[in-house]
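Working through the structure, step by step
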Amino acid sequence: MKVLLLNGSPRKEGCTFTALSEVAKTLNHNGIDTEIFQAGNPDTDNVKAAAAKLKEADALIVGSPVYWASPSGQIIEFMDKFCSQAGNFMLHKPAAAVTSARRAGTTATLDVLLEYHQMPVVSSNYWNMVHGNTPEEVKQDEEGLQIMRTLGNNMAWLLRCIEAGAAAGVEVPATEEKIKTNFIR
């Protein structure tokens, strides 16, 4: 099994990467392969590369720093394009969002990141956030790091449950064709 972790920060090894690395370390400890993909560049080739990786992955975690109580503009643009490219690869795969902030705006950021496609959402023992202005400060956020480890353990458990269910003949829910209505008629 494998989890793809998207780093939506323009800082390749910043605070968001530090949080995602803690989740990845826990997933690896549980026998789950991981890859942290630098999604801070929303160009077409980068989006296509991530989509190809998600096709082979069993779950997705999207991380972003907080910029003005919102995800980074780069990850919003990336995810909008990514859903067009990888939407079918997202269906029914467990997902989570992780955010990092110096101070606040984390819950609004998480809400935006969790609005993509039909993916069962994996949670932790609190909101999936870390605090700090530098990676070194994030490493001092003991509660935040514990939240990341709990998220990793919960994701690993759910992936094993899905694998056991599939082995027992439990099928993925059928997806109805999307009905689109306009509010103005």
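Now for a look at the structure at hand. Because the structure is a prediction, the values reported are computed rather than measured.

This part is about the packing of helix 2 (residues 44-56) against helix 3 (residues 73-90). Contact pair helix 2 / helix 3: the axes reach a minimum separation of 9 Å and the direction vectors enclose 30°. Comparing the axis directions of helix 2 and helix 3 gives the class roughly parallel. Crossing of helix 2 against helix 3: the hand is right-handed. Seen from helix 2, the contacting residues are Asn-46, Val-47, Lys-48, Ala-50, Ala-51, Leu-54 and Lys-55; seen from helix 3, they are Phe-78, Lys-81, Phe-82, Gln-85, Ala-86, Phe-89 and Met-90. Of the residues that constitute the contact of helix 2 with helix 3, the class distribution is nine nonpolar, two polar and three charged.

Notably, Trp-68 is not glycine yet its phi reads approximately 55°, a positive angle. One can find Trp-68 in the loop between strand 3 (59-65) and helix 3. Of note in this structure, Ala-69 is not a glycine but carries a positive phi near 60°. Of note, Ala-69 is situated in the loop between strand 3 and helix 3.

So, on to helix 6 (residues 142-167). With 26 residues, helix 6 extends 38 Å between its outermost C-alpha atoms, agreeing within 8% with the 38 Å of an ideal straight helix rising 1.5 Å per residue. Taken residue by residue, helix 6 has Gly-144, Leu-145, Ile-147, Met-148, Leu-151, Gly-152, Met-155, Ala-156, Leu-159 and Gly-165 as its buried positions. Those residues of helix 6 that are buried are in contact with strand 1 (2-7), helix 1 (15-29), strand 3, strand 4 (95-101), strand 5 (129-131) and helix 5 (135-138). Directly after helix 6, the chain includes Gly-169, whose backbone phi takes a positive value near 95°.

The rules we used
- Residues numbered from 1 in each chain as written.
- Predicted model: local features only at pLDDT ≥ 70, side-chain atom pairs only at ≥ 80, totals over all residues.
- Heavy atoms only, no water.
- Axes fitted to C-alpha atoms, helices over the stretch in contact; angles between N-to-C directions.
- Helix = DSSP H or I, 4+ residues; strand = E, 2+ residues; numbered from the N terminus.
- Parallel < 35°, antiparallel > 145°, perpendicular 65-115°, else oblique.
- Left-handed = near helix turned anticlockwise from the far one by under 90°.
- Contact = heavy atoms within 4.5 Å.
- Nonpolar A, V, L, I, M, F, W, Y, C, P; charged D, E, K, R; others polar.
- Expected span 1.5 Å × (residues − 1).
- Buried < 20%, exposed > 50% of the residue type's maximum accessible area, 1.4 Å probe, protein only.

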